[in-house]
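# Observations on the model geometry
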Amino acid sequence: GDSVTQMEGPVTLSEEAFLTINCTYTATGYPSLFWYVQYPGEGLQLLLKATKADDKGSNKGFEATYRKETTSFHLEKGSVQVSDSAVYFCALLGDYGGSQGNLIFGKGTKLSVKP
Amino acid sequence: DTGVSQDPRHKITKRGQNVTFRCDPISEHNRLYWYRQTLGQGPEFLTYFQNEAQLEKSRLLSDRFSAERPKGSFSTLEIQRTEQGDSAMYLCASSFNSEPTLNYGYTFGSGTRLTVV
């Protein structure tokens, strides 16, 4: 079945460092890909998305490019801030034609940014 | 609209008791989803509704779990005879789509944290 694998955390960075969180997926068809973020004590928030190959999702300085050839959707940010400390989840939504897809999540990567 | 609301935020119950959670989705959203998230894991799909119809249930949803969305608006998730393994965060999400392929992602609530002692 469909699945998402993301790099294990925790990831600890200094402020203004470059961030990469790797995400690869296995899916039939052409899934949509998402990154969600969960701040402490809060629910999941959609960070960015891409719905087809070579699409780049971006938001709040974060970017991820849908790479079908490598089945990847790595999250990047050029300069992290303390306020970016959170858990980041990669997710996919299968394209099942007339059927229904459900969001399938990776296990999450905890990011801690130190001042 | 205030987003997806879940109630209660926290619930502590004794093993064997029944619990019920409520989710109020974004009003114009026709789909409502329940997920479970255990510590250190990503959310796992439990079930979803399109309007009042429950269209899919995960094998994670044992017979002790039941979900309803009677009028196509709010939903309840009941767990009967709770077990310690039921301790988790229960997340509700909603979305709107009229296409086979969903492009908009879901809007999640803040969750209900259940602790079974």
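The shown structure was predicted, so the numbers you read here are calculated from the model rather than taken from an experiment.

## Comments concerning the sheet that holds strand S8 (residues 75–79) of chain B
Residues and elements named next belong to chain B. With antiparallel pairing, the 4 strands of this open sheet are ordered in space as S1-S3-S8-S7. One side of each edge strand has no neighbouring strand; the edge strands of this open sheet are strand S1 (5–7) and strand S7 (65–68). Pairwise comparison of adjacent strand axes, ignoring direction, gives a mean angle of 15 degrees for this sheet. Note: S1 against strand S3 (residues 19–24), 3 bridges, orientation antiparallel. In the strand pairing of S3, serine 5 is matched with aspartate 24.

## A closer look at the confidence of the model for chain B
Mean pLDDT over chain B stands at 90; residues scoring 70 or higher make up 93%. Here strand S6 (residues 53–57) of chain B is the element of chain B with the lowest mean pLDDT, 88, and S3(B) is the one with the highest, 98.

## Brief notes about the sheet that holds strand S9 (residues 75–77) of chain A
All names here are of chain A. Reading across the sheet, the 4 strands line up as S3-S9-S8-S7 and stay open at both edges, with antiparallel pairing between neighbours. Each end of this open sheet is capped by a strand with a single partner; those strands are strand S3 (19–21) and strand S7 (56–59). Averaged over all pairs of adjacent strands, the angle between strand axes in this sheet comes to 15 degrees, irrespective of strand direction. Direction of pairing for strand S8 (residues 62–65) relative to S9: antiparallel, over a ladder of 3 bridges. If you follow alanine 64 over to S9, its bridge partner there is leucine 75.

## Description of the pairing of strand S6 (residues 44–50) of chain A
Residues and elements named next belong to chain A. Strand direction decides the pairing type here: strand S5 (residues 32–38) and S6, joined by 6 bridges, are antiparallel. Across the sheet, residue tyrosine 36 finds its bridge partner in S6, namely leucine 46. Hairpin remark: S5 followed by S6, antiparallel, with 5 residues in the connecting loop; positive phi at glycine 41, about 75 degrees.

## Quick look at the side chain of A:Thr65
Positionally, A:Thr65 belongs in strand S8. Here A:Thr65 falls in the buried class, since its relative accessible area comes to 16%.

## Some points on the packing of aromatic side chains
Scanning the entire structure with this criterion turns up 17 aromatic pairs over all chains. A centroid spacing of 6.2 Å and a plane angle of 40 degrees characterise the contact between A:Phe34 and A:Tyr36, whose relative ring orientation is tilted. With a centroid separation of 6.2 Å and 35 degrees between ring planes, the pair formed by B:Tyr106 and B:Phe108 is classed as tilted. Grouping residues by exposure puts B:Tyr106 and B:Phe108 together as buried. Put simply, the rings of A:Phe34, A:Tyr36, A:Phe89, A:Phe105, B:Tyr33, B:Tyr35, B:Phe45, B:Tyr48, B:Tyr106 and B:Phe108 touch in pairs and so form one group of aromatic residues. The cationic tip of B:Arg22 hangs over the ring face of B:Phe74; the distance from NZ or CZ to the ring centre is 3.9 Å.

## Here we look at the pattern of salt bridges
Counted according to the given criterion, the structure contains 6 salt bridges over all chains. Residues A:Lys52 and A:Asp55 are paired through a salt bridge, measuring 3.3 Å at the closest nitrogen-oxygen approach. Of the charged contacts in the structure, one is a salt bridge between B:Asp86 and B:Arg64, with a shortest N-O distance of 2.8 Å. Of the two residues, B:Asp86 sits in the loop between S8 and strand S9 (88–95) while B:Arg64 sits in the loop between S6 and S7, which places them 22 residues apart along the sequence. Per residue, the accessibility class of B:Asp86 equals that of B:Arg64, and both read buried. Taken together, the shared-partner salt bridges in this structure form one network comprising B:Arg64, B:Glu83 and B:Asp86.

## With respect to the state of the cysteines
Residues and elements named next belong to chain A. Taken as a whole and assessed by the stated rule, the structure comprises 2 disulfides over all chains. Across the disulfide, cysteine 23 is cross-linked to cysteine 90 (sulfur-sulfur distance 1.9 Å). Disulfide cysteine 23-cysteine 90: the torsion about the S-S bond is -70 degrees, which places it as left-handed. Note that cysteine 23 is positioned in strand S4 (residues 23–26) and cysteine 90 in strand S10 (residues 86–93), a separation of 67 residues in sequence. Accessibility expressed as a relative area gives 1% for cysteine 23, which makes it buried. Exposure remark for cysteine 90: the relative accessible area of 0% places this residue in the buried category.

Rules of the game
Residues numbered from 1 in each chain as written. Chains lettered and ligands numbered in written order. Predicted model: local features only at pLDDT ≥ 70, side-chain atom pairs only at ≥ 80, totals over all residues. Heavy atoms only, no water. Pairing = 2+ DSSP bridges. Helix = DSSP H or I, 4+ residues; strand = E, 2+ residues; numbered from the N terminus. Axes fitted to C-alpha atoms, helices over the stretch in contact; angles between N-to-C directions. pLDDT = per-residue confidence, 0-100. Buried < 20%, exposed > 50% of the residue type's maximum accessible area, 1.4 Å probe, protein only. Phe/Tyr/Trp six-rings, centres within 6.5 Å; stacked < 30°, edge-to-face > 60°. Lys NZ or Arg CZ within 6 Å of the ring centre and 35° of its normal. Salt bridge = Lys/Arg side-chain N within 4 Å of Asp/Glu carboxyl O. Disulfide = S-S within 2.5 Å.

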